[in-house]
Amino acid sequence: MTPLVAHLVLAVMLFATGMAGALARRNAILVLVGVELMLNAGNLSFVAFWRYGPNPDPQTGLMFALFSIAIAAAEAAVGLALILAMFRHRRTTHLDSLEEMKG
Amino acid sequence: MSPMFYFLAGLTVLGALAAMSLRNPVHCALSLVVTFAGLAGIYLGMGAQFLGLAQVVVYIGAVAILLVFVLLLTRSAGGGEQEERAPSWRMAVLVGLLVAGVMGSAVMTVARWVPRDAAPEPVPVVQIGRVLMTEYALPLQVIGVVLTVAMIGAAVLAMPEKRGVKADRGAANGKDVVPGSGGTSPTRESGRSVS
Amino acid sequence: MAPSIDQLFVNLLHWVVGFLPELARPWASLVISLGSILSVFALLFGLTTVCERKAIARMQNRLGPNRVGPFGFFQFIADGIKSLTKEDVVPRTADRVVHFLAPLALLVPVVLTYLVLPIGRNMVVLDLDCGLLFFFAAGASTELAVFMAGWASRSKYSLLGAMRAIAQMVSYELPFILSTMGVVMMAGTLSTVGIVEAQAAVGGEWLARWNVFTPWGLVAFVLFVIASFAEANRSPFDLPEGESEIVAGYFIEYSGFKFALFFMAEYLGMFSSSAMAVTLFLGGWTAPVSFLSWVPSWMWFFGKLFTLMALFIWVRGTTPRLRMDQLMDFAWKFMLPMALVILPVVVVWHRLGGGWAGWLVCAPPLAVAWVLLGRALVGRRQIGPRTYRYADG
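Calculation criteria
Residues numbered from 1 in each chain as written. Chains lettered and ligands numbered in written order. Predicted model: local features only at pLDDT ≥ 70, side-chain atom pairs only at ≥ 80, totals over all residues. Contact = placed C-beta atoms within 7 Å. Helix = DSSP H or I, 4+ residues; strand = E, 2+ residues; numbered from the N terminus. Nonpolar A, V, L, I, M, F, W, Y, C, P; charged D, E, K, R; others polar. Core = buried A, V, L, I, M, F, W, Y, C linked by C-beta atoms within 7 Å. Buried ≥ 20, exposed ≤ 12 C-beta atoms within 10 Å, placed from the backbone. Expected span 1.5 Å × (residues − 1). Axes fitted to C-alpha atoms, helices over the stretch in contact; angles between N-to-C directions. Parallel < 35°, antiparallel > 145°, perpendicular 65-115°, else oblique.

## Thoughts on the interface of chain B and chain A
- Taken together, the contacts link 73 residues of chain B with 60 residues of chain A.
- Mapped by element, the contributors of at least two residues to the side of chain B that touches chain A are helix 1 (3–21), helix 2 (25–45), helix 3 (49–73), helix 4 (89–108), helix 5 (125–133) and helix 6 (137–158) of chain B.
- For the side of chain B that touches chain A, the element with the highest residue contribution is helix 4 of chain B, accounting for 12 residues.
- Broken down by class, the residue content of the side of chain B that touches chain A amounts to 56 nonpolar, 12 polar and five charged.

## Side note on the nonpolar core
- One finds Val-47 of chain A, Ala-29, Ala-64 and Leu-67 of chain B together with Ile-166 of chain C to be the most contacted residues of the largest nonpolar core, which totals 197 residues.
- For this core, the element with the most residues is helix 3 of chain B, which contributes 21 residues.
- Apart from residues lying up to four places away in sequence, Val-47 of chain A is in contact with Gly-61, Leu-62 and Ala-65 of chain A together with Tyr-43, Met-46, Ala-48 and Leu-51 of chain B.

## Regarding helix 3 of chain B
- Relative to the 36 Å expected for 25 residues at 1.5 Å per residue, helix 3 of chain B spans 35 Å between its end C-alpha atoms, a close match to the ideal helical length.
- With 25 of 25 residues buried, helix 3 of chain B lies mostly within the body of the structure.

## What about the environment of Asp-79 of chain C?
- Here Asp-79 of chain C is to be found in helix 4 (residues 75–85).
- Taking C-alpha positions, Asp-79 of chain C is 9.9 Å from Val-50 of chain C, a pair spaced 29 residues apart along the chain.

## Section: the packing of helix 2 (residues 28–52) of chain A against helix 3 of chain B
- Put simply, helix 2 of chain A and helix 3 of chain B touch, their axes get as near as 12 Å, and they point 175 degrees apart. The angle between the axes of helix 2 of chain A and helix 3 of chain B places the two elements in the roughly antiparallel class. Between helix 2 of chain A and helix 3 of chain B, the contacting residues are Ile-29, Val-33, Glu-36 and Val-47 of chain A on the first element and Leu-51, Val-63, Leu-67, Val-70 and Leu-71 of chain B on the second.

Set out below in structure tokens:
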């Protein structure tokens, strides 16, 4: 098992965990936690390829991961604000309560 | 692979599994922090110093704090009276396992690639700065715009709708809310006179 | 003679580590240097608690502790023994695991910040390429421990205190980090050793080029010090832990040794950010004037550190507490714009090369911005003749 494969397998495990969690949990915030896990898994695979794969440019993978971190932070902020707005309407963060379009 | 990598990888996976399966949402958030820390350690072990430290500052120092703040403000931090798992959670776990299996097998066949055994020369922060200002100047500006828009959007979304009510102190989103009297919102009640 | 005193501890370390096999040397060097720095700062913590109590007492026209030991300076030993032997009370409904881990989660990042502080010439534990970023990363991790402490206690006061403390720490983290960006721009490196060396006197100059001797450096220093007051939850920003407001806030349910750990972590954090202020703005271990450079570098460092600590204690004894909304307004509406104004000024300073032209061009915009932002901050209240609501005549 080469280092690249080890890191990628780790990334795959994180991604699968995040996805299973995002599908299985009913609390909106925990779904966001799953999404953050998936994003982190993607970052890890980028950095793994930067370190262990052939790349003509010395810092491309690193820069992509850096921008991805910034975007993930922005997305978390907006997502959590949405959850707060939803909470104000419904007094709950349970996703099953969002089953009506009205109100 | 060094034992340090295995330790950090194990910590990361355990943290991720705990984050997705624990009952109490605050425990989930704290396990997520462990995951982030493990990932930062892995980045540092790979020689990506700036990225590992940026991961700590942004994810642990900002995203996790946002998460726990919203948990507190939406009162999900309590015992979790509601049914936390979807009725079809077994199917979700199965899907997760399937995805892991498919992607894992795809990854294993990547082993044909020639790994770079000698470490690439570590990228000094000076070079990252230089590259950000020259090659990646446009993405940098775009990220600036995206972050500004996200900040304004989050603040607008999280502001209470009634006029004259002060926004929550200590803010829904930590960094993102401008404290002050409540903003105007498009859904103002119709009986009010415009003053 | 002078260089050997200067490098005394470095030579001592090399001598001790020389007894060990080759393989263990880097680890041993790391452990020994970190251990010695921590023990020095822990002793300093003890002495500072006593000095602070005596100093604040004098400011309030009373004597401080003066019973235990010579002039009361062993008071911290008595306090330590007391906190170790107190019963460790954990509320019945508290979350035991998180309650237990919170002091540790606060202490470990604070200790990690000491890894990148240059105490003297060649005396830094880890010379990282991004040392300053490491410092901020460790500082950012402390906020989560505050939340853990507040939430795990399952008490309304502690939760409220934790939310306020986190809001305050997060708000002041932005000016904290931004005010150092000017220094990084001028030094061209994130490494703390590089930043100190960029402030040494060059060639035959009599005055060292400390960052605090520049207009933007002075403003950034003031902002950094104020932000480090807030990051350490120190007066006047100690609403989250004020005793008369919220009964000790987020560590209300902690007793005995855990409380002592929190206390120590807060003071160690204070030392660490003062040390970073010394490194970034006051020239680290360099002497201010070149004819005083025979004094050992670590003596200069500790002298400057003690001066800043005296400032911390002085401000605590003097200023009243800020209210939460005043605190947040100050961070977002004064300090953040001011920190942003510093950045273009640094660019102009760099272009002009410093000196008199630099002062002439750079100081006015900073002064104008300072005054205007200050006016804007207090502008909402009408400052006029006082009116009384109920008293007549």
